[in-house]
Amino acid sequence: MKIKVGVLSAGGDCAGINSTIRWLVYSALDKDLVSRRGIMFEILGILYGWKGLMEVQPDKKASLKKWTMPLDTNIVRTWDRHGGTRLGTTRINPFEPKKDKSDLIVQKYKSLGLEALVVLGGFDALGTAYKLSRKGLNVVGIPKTIDRDLSETDYTLGFDSAVNTITQDIDRLRITAGSHARIFVVECMGRKAGWLALEGGEASGAAIILIPEHDFLIDRVVGLLEMRRKAGERYSIILVSEGAKPRGMAEIYEKRGRDGFGHYYLGGIGGFLAEEIQKKTDMEVRYVALRHLQRGGTPTAYDRRMGRKFGIAAIDMIVNEDFGRMAGLKNGEITSVPLKKALEKLSLVDVEKYYDTKNYKSRDQIL
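A few points on the structure. Being a predicted model, the structure only gives us computed values, none of them experimental.

Side note on the packing of aromatic side chains
And then number 1: Going through the model one piece at a time under the given rule, you end up with six aromatic pairs.
And then number 2: An aromatic cluster is built from Tyr-155, Phe-159 and Tyr-302, whose rings are joined through pairwise contacts.
And then number 3: Geometry around Trp-195 places Arg-148 over its ring, the cationic atom sitting 4.3 Å from the centre.
And then number 4: We note Arg-308 situated over the ring of Trp-23; from NZ or CZ to the ring centre the distance is 4.6 Å.

What to know about the sheet that holds strand E12 (residues 325–330)
And then number 1: Strand order in the open sheet made by the seven strands is E3-E2-E1-E4-E5-E12-E13, with mixed pairing throughout. Because the sheet does not close on itself, it has two edges, and the strands there are strand E3 (68–71) and strand E13 (333–338). When strand polarity is set aside, the average angle formed by the axes of neighbouring strands in this sheet is 30°.

Looking at the packing of helix H10 (residues 218–230) against helix H11 (residues 269–280)
And then number 1: Where H10 meets H11, the closest approach of the two axes is 10 Å, and the angle between their N-to-C directions is 65°. Two packed elements cross with a definite hand, and for H10 against H11 that hand is right-handed. Residue-level inspection shows Ile-218, Asp-219, Val-221, Val-222 and Leu-225 of H10 in contact with H11, the latter providing Phe-272, Leu-273, Glu-276, Ile-277 and Lys-280.
And then number 2: Considering only residue class, the contact of H10 with H11 consists of seven nonpolar, no polar and three charged.

Focus: the sheet that holds strand E6 (residues 183–188)
And then number 1: The strand order across the open sheet built from four strands is E7-E8-E6-E11, with neighbouring strands paired in parallel fashion. Edge strands, defined here as strands with exactly one partner in the open sheet, are strand E7 (208–210) and strand E11 (285–289). The mean angle between the axes of side-by-side strands here comes to 15°, regardless of whether they run parallel or antiparallel.
And then number 2: On top of the sheet, helix H8 (residues 159–180) reaches E6, strand E8 (236–241) and E11; it is set at about 165° to E6, its chief contact.

Some words on the environment of Gly-136
And then number 1: With respect to the element layout, Gly-136 can be found in the loop between helix H7 (123–133) and strand E5 (139–143).
And then number 2: As a C-alpha pair, Gly-136 and Tyr-26 span 110 residues in sequence and 27 Å in three-dimensional space.

A closer look at the environment of Ala-28
And then number 1: Structurally, Ala-28 can be placed in helix H1 (residues 17–29).
And then number 2: When the C-alpha atoms of Ala-28 and Val-5 are compared, they prove to be 9.5 Å apart, with 23 residues separating the residues in sequence.
And then number 3: Here Ala-28 is in contact with Val-34, Arg-37, Phe-41, Ile-43 and Ile-315, once residues within four sequence places are set aside.

A look at the side chain of Ser-102
And then number 1: Following the sequence through the fold, Ser-102 ends up in helix H6 (residues 102–111).
And then number 2: Beyond its immediate chain neighbours, meaning those up to four positions away, Ser-102 contacts Pro-94, Phe-95, Leu-132 and Lys-135.

Here's the deal with the state of the cysteines
And then number 1: Considering all chains together, one arrives at zero disulfides under this definition.
And then number 2: Lacking any disulfide linkage, Cys-14 is separated from the closest cysteine sulfur, that of Cys-188, by 15 Å.
And then number 3: Classification of Cys-14 by relative accessible area gives buried; the value is 1%.

Regarding H10
And then number 1: Look at H10: 19 Å from first C-alpha to last across 13 residues, which is about the 18 Å you get at 1.5 Å a residue.
And then number 2: Those residues of H10 that are buried are in contact with E6, E7, E8 and H11.
And then number 3: Of the residues trailing H10, Gly-232 is marked for its positive phi of about 100°.

What counts as what
- Residues numbered from 1 in each chain as written.
- Predicted model: local features only at pLDDT ≥ 70, side-chain atom pairs only at ≥ 80, totals over all residues.
- Heavy atoms only, no water.
- Phe/Tyr/Trp six-rings, centres within 6.5 Å; stacked < 30°, edge-to-face > 60°.
- Lys NZ or Arg CZ within 6 Å of the ring centre and 35° of its normal.
- Pairing = 2+ DSSP bridges.
- Helix = DSSP H or I, 4+ residues; strand = E, 2+ residues; numbered from the N terminus.
- Axes fitted to C-alpha atoms, helices over the stretch in contact; angles between N-to-C directions.
- Left-handed = near helix turned anticlockwise from the far one by under 90°.
- Contact = heavy atoms within 4.5 Å.
- Nonpolar A, V, L, I, M, F, W, Y, C, P; charged D, E, K, R; others polar.
- Disulfide = S-S within 2.5 Å.
- Buried < 20%, exposed > 50% of the residue type's maximum accessible area, 1.4 Å probe, protein only.
- Expected span 1.5 Å × (residues − 1).

Bear in mind that shape data such as this cannot, by itself, settle questions of function.
Shown next, in the form of structure tokens:
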């Protein structure tokens, strides 16, 4: 029995994707496992996410070469060491209103002879995968987002590497902040979820952490900074999530419209806050947006290991015909859950458990 499997990454890039694909291929083509399973696999990488699946013309060699990549163990042997995604990615929404291309994707899936499709993505990409599963595609999802906002899994690929990047960048800023006795407002990603800010702030020792799950008071932020200065602290680092906002205000967006899923591009809260602090105090304030730096760099050991686990899990799910589901991590064990359930809500910071709403930082006590 032979199964042809497509694999693609959609949405934002992050560390850990290449490790997942590497181990998916190794698991699928392992000779001992093949003999025990009685199944032969053919793995086809789809380039640039949903765009590749929409654009490829299966009957033309040049198009196949442009939009797909046959994968074997020799090709992916060193992929786990590299960040980003060797397959490429895009943020296209195949179900975008008035531009619905979902039927075209179903057609191309069949024309390529695919019998299963592994999708590495976050909330939007896996939402697309779920809708396609309802159109008859045999889909397996892998949670991949630095925001760590997918429910039904304790971990999503890329999060640990992004937290490490935030920590390293703040360590660098700390040097110049101390040299000049400045306040630095650092803006990180996260969208609606504050996990990156919270855990990045914990790891880097940020003085103030601002998250989307709890609206902050600018005057309280100023008060905390003044208390630190009176206590003899030379400088302070504020880490603010892009989705955080002052009480009574809306989120701050960039001016370039919305993406294919209808989301505004968040960004600018750090600059706004820096200006407000500068207005209300005589402190010298600087603003840094980490933006896509958080997605780059080599994957941490943890993301490489989780990529391994998720890649192997994807092949196991295909063998077991566990379609329309997402691999996940729960209580240290790899599981699979229905995509529908994983997409019912976002995984957000539980403020009562993890956040000090008075001092704007992680709770120090162990509950």
